[in-house]
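Observations on the model geometry
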Amino acid sequence: MAEHGTDEPSSRTGSPNGEGRASGDRLLLHQRLAVRELIDTEVSYLHLLHLCASDIRSRLRQLLPQGDLEVLFSNIDDVIEVNSRFLHDLQETASREEDQVHLISNLFLEFQEELERVYKVYCASYDQALLLVETYRKEPELQREIQGVLEAVVPQAGRSGLSFLLVSPLQRITKYPLLLQKILENTVPDASAYPVLQRAASALQDVNTNINEYKRRKEVASKYTKVGQLTLRERLARINAHTLSKKTTRLSQLLKQEAGLVPKTEDKEFDDLEEEFHWVTLCVTELKNNVAVYMDHLEAFLRLRPQEYDLDVPGGPVVQYCSLMGDLQLQAFPDFKQRLEGLVWQPLCSLARALAGPQNLIKKRLDKLLDFERVEEKLLEVGSVTYEEQEARHTYQALNSLLVAELPQLKQLAVRWLGQILCTFVDLQRDLAKQVLQRAEGSLAQLPHHHLSEPAFKKLVEDVLGQTGHQLRSFQENFKKVLPPPAIQPLLPGAERQVQALLSKYGPEKLYQVTGNISGDGPLELTLLRGQIVALLQSKDTKGNSSRWLVDTGGHRGYVPAGKLEPYRVIPGQEEVKEQAQPHKDSCHLIPEPTPAAAVPSVPTVPQVVAVYPFMARSSHEVSLQAGQLVTILEAKDKKGNPEWSLVEVNGQKGYVPSSFLARTPSPAPWGWSLPS
């Protein structure tokens, strides 16, 4: 009885402890089951990915084009690489069962960025892959063949077909937070792994949120990229009252900003990224144009076949030359052209097309920025906006975030791609030179210096080039002493009044002269003739670009390239401009700042003179000249009595030329320069 009495209280007090231990054991059991589920499902998932990437994709290559396979499977190889490492580390935690939950939590935190990086790309392209699957279902024969491949490799796919496989990565990334939450629910709060497990579950939830946001941004970008690819007819069909209203509102907002009525949003980070990306696109465009010209010249070279002509030179080196050129024209040069098109031109065109989409997004961002600024103003004034205006805010924020995040990566990729293209081009040139030298090895013996070693031949070439360069410099110096070329064309007849108006309005320090014809293509760009005088208003455009200047022609204002302007100096006469009847004596002569040199002789009184400079006629009233050409003066002034222009006859044609371009023929010594001895 005593023993029973002592045991009874013990059983009563131990009952709650026993229940607590039983509850803890159940939690531990469920926790281990949840961990086992995580590992087992990860093994099955990775096995399915390997089937997709190897067996299924390789069999579908016989049915579908490569472009479709790239869309369907996207970056599945990157997903497999990350998940393979993740599974390996996940299985390693089984050896430390007591700390397994803690290790798994840290593992998810470690792979958080990598999982987000690869899965956001796959998820963003998933909708496009589904569109392809729908097109296959409209072709019964193709659909049966695809279904046969899937049933042979993955029987459990059933009638869902490709959709069952393609959706697996989406389901897996969204299931990670649920699996972690299940482990968390079966972990006691006072366990050391509990806070780490909480952070891991929250981190995977953030990964899914970021993927959804990235996918939304991509959808917005895809929408406006497609708009940028529309034809003119399709663009006109989209115009309606709503679009006109939006464009009018944006224009009004832009004009207010330019007038300084409302502040402009400054985004230094984006402006720097846009400028860097702009220079990359310019490099790609310039290289593409240069390669196109290079290929045109190569095509013209291949059409020229000198070996097929009768050179009327008997035997010897000519026969060897014809044989060598025939061999090169038939094989070496055509092979080079084919490789150039495939390895340089086509990748360059692909790169240019790839950059067109981001360029459209940058332009669209400006429109959306104007909408965003208008909505922000209304929000400050009224305190609320409509659903459509709120959507406009979100659209701008999505576009801006996407561009800020991806422009640096795209720029780096474009630069690397461009570098590889240039290296390939250099390698092709080197291979061509090597082939030509190998084929011409027999003909090299016919060269006069073939017996010289490479250093000796290099020294010979340097000496010859040095002597030739010295002769050329001497020739240039003598030529400048006799015939210094004018820097700028003289004024057009009748332009003095316009120049005087600009001079009185802006002053002489603001006057510039156009050094070459300018054809304005874009908005606010001027079309000017060589020799025209303009006044400088601002030495940069609205974006701060100092290569485009804002000028006034006296009638129109606009932008011109700064490189085609030179300062225009006013050289006053001894008296002020008062009398218009004698402009050649009393008026201010407006001429370009001359190059320091000897004075050009004035127009002689004799009718027979010589043109000392070439002159290109710019209208039907003028006539073109060539340096050294004999000219007959009909009248040493124009119809207004201006002596700066002379009426002449050249080769039966009559017209006006600048008087300063003419000079009396020297006698008895010939005019001009002489070659150095």
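A quick note: this is a predicted structure, and the numbers were derived from the prediction, not measured. (Residues numbered from 1 in each chain as written. Predicted model: local features only at pLDDT ≥ 70, side-chain atom pairs only at ≥ 80, totals over all residues. Heavy atoms only, no water.)

**A word on the packing of helix H3 (residues 76-92) against helix H5 (residues 112-124)**
The interhelical angle for the contact between H3 and H5, taken along N-to-C directions, is 155 degrees, at an axis separation of 9 Å. By the criterion of interaxial angle, the relationship of H3 to H5 is roughly antiparallel. Of the two possible hands of crossing, H3 and H5 adopt the one that is left-handed. Between H3 and H5, the contacting residues are Asp78, Val79, Val82, Asn83 and Arg85 on the first element and Glu114, Leu115, Arg117, Val118 and Tyr119 on the second. Split into classes, the residues belonging to the contact of H3 with H5 amount to 5 nonpolar, 1 polar and 4 charged. (Axes fitted to C-alpha atoms, helices over the stretch in contact; angles between N-to-C directions. Helix = DSSP H or I, 4+ residues; strand = E, 2+ residues; numbered from the N terminus. Parallel < 35°, antiparallel > 145°, perpendicular 65-115°, else oblique. Left-handed = near helix turned anticlockwise from the far one by under 90°. Contact = heavy atoms within 4.5 Å. Nonpolar A, V, L, I, M, F, W, Y, C, P; charged D, E, K, R; others polar.)

**Remarks on the sheet that holds strand S3 (residues 548-552)**
In spatial order, the strands read S4-S3-S2-S1-S5; together these 5 strands make up an open sheet with antiparallel pairing. The open sheet has two edge strands, strand S4 (557-561) and strand S5 (565-567), and neither has a second partner. Across the sheet, the mean angle from the axis of one strand to that of its neighbour is 50 degrees, orientation sign disregarded. Where strand S1 (residues 511-514) meets strand S2 (residues 533-538), 3 bridges bridge the pair, whose relative direction is antiparallel. Across the sheet, residue Leu511 finds its bridge partner in S2, namely Ala535. Across the face of the sheet, helix H18 (residues 496-506) comes into contact with S1, S2, S3 and S4 while running at roughly 25 degrees to S2. (Pairing = 2+ DSSP bridges.)

**Re helix H7 (residues 140-153)**
Within an α-helix, residues lying three or four positions from one another point in the same direction, as the helix has 3.6 residues per turn. Taking 1.5 Å of rise per residue, the 14 residues of H7 would be expected to cover 20 Å, and the 20 Å separating its terminal C-alpha atoms lies within 8% of that figure. Within H7, the full set of buried residues consists of Leu142, Ile146, Gln147, Val149, Leu150 and Val153. All buried residues of H7 project into a common sector of 155 degrees when viewed along the axis, lining one side. Structural note: H7 exposes Pro140, Arg144 and Ala152 on the side pointing more than 90 degrees away from its buried face. (Expected span 1.5 Å × (residues − 1). Buried < 20%, exposed > 50% of the residue type's maximum accessible area, 1.4 Å probe, protein only. Arc of directions from axis to C-beta.)

**Notes on the nonpolar core**
In this structure, Ile56, Leu60, Leu72, Phe108 and Leu162 are the most contacted members of the largest nonpolar core, which totals 65 residues. Looking at this core, the element that brings in the most residues is helix H1 (residues 2-60), giving 13 residues. Other than its neighbours up to four places away in sequence, Leu72 contacts Leu64, Tyr122, Ala129, Leu132, Val133, Tyr136, Leu162 and Leu166. Within the second largest apolar cluster, 34 residues are counted, among which are Val220, Met295, Ala414 and Ile421. (Core = buried A, V, L, I, M, F, W, Y, C linked by side-chain atoms within 4.5 Å.)

**Concerning a nonpolar patch on the surface**
Taken together, the side chains of Leu251, Leu254 and Leu255 define a hydrophobic patch exposed on the protein surface, amounting to about 260 Å² of accessible area. Inspection of the secondary structure puts Leu255 in helix H12 (residues 241-259). Classification of Leu255 by relative accessible area gives exposed; the value is 52%. (Patch = residues over 30% accessible without salt bridge, like charges linked within 9 Å, V, L, I, M, F, W, Y side chains within 5 Å. Areas by Shrake-Rupley, 256 points an atom, 1.4 Å probe, with all protein chains shown as cover. Salt bridge = Lys/Arg side-chain N within 4 Å of Asp/Glu carboxyl O.)

On their own, these measurements won't tell you what the molecule is for.
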